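# Geometric and topological summary
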Amino acid sequence: MSNAENKISYIGLVKNGIFSENPIFKVALSLCPAVAVTSGVKNGFMMGIAVLFVQIMVNITVSIVRKFIHPKVRIPSYMFIIATWVTVTDLSMAAFARDVYAQMGLYIKLIVAFAIILTRAELFASKQKVTPSFFDGLGVGAGFLFALVIIGFFRELLGKGSLWGYPIINTKPLLIMILPTGGFFAVGILMGLFNWIGIKFFGGGGASGGGH
Amino acid sequence: MEKLFELFIAAALINNFVFTRYLGLCIFFGVTKKMDTSIGMSITFTSVMVISAALNWIIYKFIMIPLGLGFLEIVIFIGVVAGFVQAADTIMKKVSPGLYFKLGIYLALITTNCIILAVPLLNVSEGYSFIESIFFSFGAGVGFSLAMIIMASIREKLELADVPKAFQGLPISFIVTGLIALAFMGFSGLITL
């Protein structure tokens, strides 16, 4: 019985991260990568994977050490845990995915400063056991990945007429979509769309957060 | 001297951190609802930016390079920034409570700003000298302040506009930012570095 209940709540956690608390479209934290690396699906996907990995590992680590960390020094301690895992990701990507890393190396390093990772560590992992923390990290990371891939999908399709580097449309593309400007437009319009769907089909509660 | 000025202009306008490098967006959208807060943030941010870039440069050059710790740059830079912000917070509270009351809340937010970490990382990867990195970080600070002040003045007007419900708040701000970014593209031919 309790086992079944646990299972449902785990799925709920993952769903929560992807839809109702989507880190980019709903909670509006960590917006930089949403614009910066989404000029193509591939870059968005790789960035999403990197964030997913860091978020899960940070949640697990914070959850394991939560009883040893004095509440007064918890934020600096979390920062160091995050920085450690980001260094791991950064060095691994530099070794195994050179072409992607050459394009967005700086943004991989900046995962440290993404508010979403610290927020989840502070709000969730520091109070929960290891397993729920893992699923929370999975959900939030997957939500992030989902958002980046969606934005990348539209920007690459419209801006280059291709997907994952393979040509799809054979017309002259809208160059503006892969420029910075197009990134802001794409995120704004998709965010509005998410809100509109929220208002239309789930009644209210669509307005996204203030942004931090 | 000419090179320094070019670096400053490049960091502030041509490669503006918000509009062409898309960094610091969280803070950018968070504090630009009001002019007062964005001016407060600009002052705090620019000063913290320059000092922390200088600190990081010194630590990188004289501690990390001799010890071969270059690969720990992320951990050490974020540590220095967080430590410096905490120290500034404590010192300001003691020395000038008036200033702390005005600007203290922005200090806490700065640690989660990507630019504060991106500038030391760029200083290292571009191999800037001490003076160059100071000018570069000052340019980054001024560019960010400029972006925030432009955005705040537009958003104050936007409060009165009739925006569709689904686009209220962040979505419309993103679109406005896109338009400003379009204008900033005009700076791109100003200097060729």
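The structure this text deals with has already been given above.
Here's what I pulled together on the structure shown here. This is a predicted model, so every value here is computed, not measured.

Basis of the calculations
Residues numbered from 1 in each chain as written. Chains lettered and ligands numbered in written order. Predicted model: local features only at pLDDT ≥ 70, side-chain atom pairs only at ≥ 80, totals over all residues. Helix = DSSP H or I, 4+ residues; strand = E, 2+ residues; numbered from the N terminus. Rg over C-alpha atoms; globule rule 2.2 N^0.38 Å. Buried ≥ 20, exposed ≤ 12 C-beta atoms within 10 Å, placed from the backbone. Contact = placed C-beta atoms within 7 Å. Nonpolar A, V, L, I, M, F, W, Y, C, P; charged D, E, K, R; others polar.

Our next topic: the overall build of chain A. Tallying secondary structure elements over chain A gives 8 helices and 2 strands in all. Along chain A, helices (α) and strands (β) appear in the sequence α-α-α-α-α-α-α-β-β-α when read from the amino end. The C-alpha atoms of chain A give a radius of gyration of 18 Å, which matches the 17 Å a tight globule of 212 residues would have. In terms of overall dimensions, chain A has a C-alpha envelope of 60 × 45 × 30 Å along the principal axes. For chain A, the residues scored as buried account for 49% of the 212 residues in total. Look at the contacts in chain A between residues 6 or more apart in sequence, and 72% of them connect residues 24 or more apart.

Right, let's get into the interface of chain B and chain A. Listed as interface residues are 36 residues of chain B and, on the opposing side, 41 residues of chain A. Elements represented by at least two residues in the side of chain B that touches chain A include exactly helix 2 (25-31), helix 4 (73-95), helix 6 (114-126) and helix 8 (170-184) of chain B. Taken together, the residues of the side of chain B that touches chain A sort by class into 25 nonpolar, 10 polar and 1 charged.

On to the environment of Val119 of chain B, then. All names here are of chain B. With respect to the helices, strands and loops of the structure, Val119 is situated in helix 6. Here the alpha-carbon distance between Val119 and Gly141, two residues 22 residues apart in the chain, equals 9.7 Å. If we skip the residues at most four places from it in the chain, Val119 touches Met49, Ala53, Phe136, Ser137 and Ala140.

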